[in-house]
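# Observations on the model geometry
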Amino acid sequence: VTLFAQDLFVSQSSKVHELGTVALTSDGRRFRYCLAGGSSLVAGRLQQAPVEVTNHQNLTPAAAAIGATEITVTLGATLATANQYAEGLLIVTTSTGSGYAYRIKGHPAAALSASLVVTLEDPLQVAIVAATSKIDLVLNPFSGVVIGPVTETSCIVGVANDVITNAEHGWIQTGGPAAVLADGAVTVGTSLVAATGSVTGAVKANAGGVEQEVGRAITGIADTEFGAVMLNLD
């Protein structure tokens, strides 16, 4: 199946779509374009968004006027690599301008606790006040995707249909019928969540807790086997 410029079962280093690009197949399955991070992604396993960088949140900005497309922030005690947040979001979290999210076009590298100039795709709609506004830098959730760990550190964003090699690009599924690993027996129609605390990348029956629902079982699935799940992540 060819999805736009890259086949569904291809993993490649070159990036041919924006991260998070949506693609639909003729049978109604939905996919998102991603970059694998940390290790290679494995077919039939849940995939998680990258872990937040807490030292890149609640940052103090320099003042910026309406219409500005460059925002300067002071980082916490973690460096930023060049374009680490490209295609992610700059969110104004408190005070003047709060509630606005701006797509990040790019930025240079910066040392820990240093100033970082972030270039936005769109201009500021509300001025930023240096004394009171605060800024979060948020990674694109499809940049640096990892197999869902036993202890979640972000949200589930999809299921891999094939191996996507670490640091390469490919498609993960977010909607429609998919093959997913089960931790524990699953009955038809069961609401499913990530099997945190036990098996990486697997689903388990929703026990009514606060976990993120990822879909519902189309068929019964035996413990440790892969079965049909109707994903509703997108």
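A few points on the structure. (Residues numbered from 1 in each chain as written. Predicted model: local features only at pLDDT ≥ 70, side-chain atom pairs only at ≥ 80, totals over all residues. Heavy atoms only, no water.)

### Notes on the environment of alanine 101
In this structure, alanine 101 sits in strand β9 (residues 101-106). Separated by 34 residues in the primary sequence, alanine 101 and isoleucine 135 have C-alpha atoms spaced 9.8 Å apart. Dropping the residues within four chain positions of it, alanine 101 is found in contact with Leu89, Leu90 and Ile91. (Helix = DSSP H or I, 4+ residues; strand = E, 2+ residues; numbered from the N terminus. Contact = heavy atoms within 4.5 Å.)

### Remarks on empty space enclosed by the protein
Over the atoms, a rolling probe the size of a water molecule traces out where space has been left empty. In the structure shown here, the tally under the stated rule is 2 cavities of 30 Å³ or more. There is about 50 Å³ of room inside the largest cavity. Among the residues making up the lining of the largest cavity, the classes are represented as 7 nonpolar, 4 polar and 1 charged. Taken as a whole, the second largest cavity spans an internal volume of roughly 40 Å³. Lining of the second largest cavity is provided by Leu8, Phe9, Val10, Ser11, Asn161, Asp162, Val163, Ile164 and Trp171. Per-class residue counts for the lining of the second largest cavity are 6 nonpolar, 2 polar and 1 charged. (1 Å grid on protein atoms, 1.4 Å probe; cavity = no way out; pocket = protein on both sides within 12 Å on 5 of 7 lines; lining within 4 Å. Points joined across faces, edges and corners; volume = space filled by probe spheres on them. Nonpolar A, V, L, I, M, F, W, Y, C, P; charged D, E, K, R; others polar.)

### Some words on the sheet that holds strand β6 (residues 60-61)
For sheets, the rule is that strands pair by backbone hydrogen bonds, running either parallel or antiparallel. Read across the sheet, 6 strands follow the order β6-β7-β10-β9-β8-β11 without closing on themselves; strand pairing throughout is antiparallel. Each having just a single partner strand, β6 and β11 (134-138) make up the two edges of the open sheet. Bridge count for β6 against strand β7 (residues 70-74) is 2 bridges, and the pairing is antiparallel. The residue of β7 that forms the bridge with proline 61 is valine 73. (Pairing = 2+ DSSP bridges.)

### Quick look at the layout of surface pockets
Size it by volume and the largest pocket reaches roughly 180 Å³. The wall of the largest pocket is formed by 13 residues, among which Pro50, Glu52, Val138, Leu139 and Ser154 lie closest to the centre. In terms of residue class, the lining of the largest pocket is made up of 9 nonpolar, 3 polar and 1 charged.

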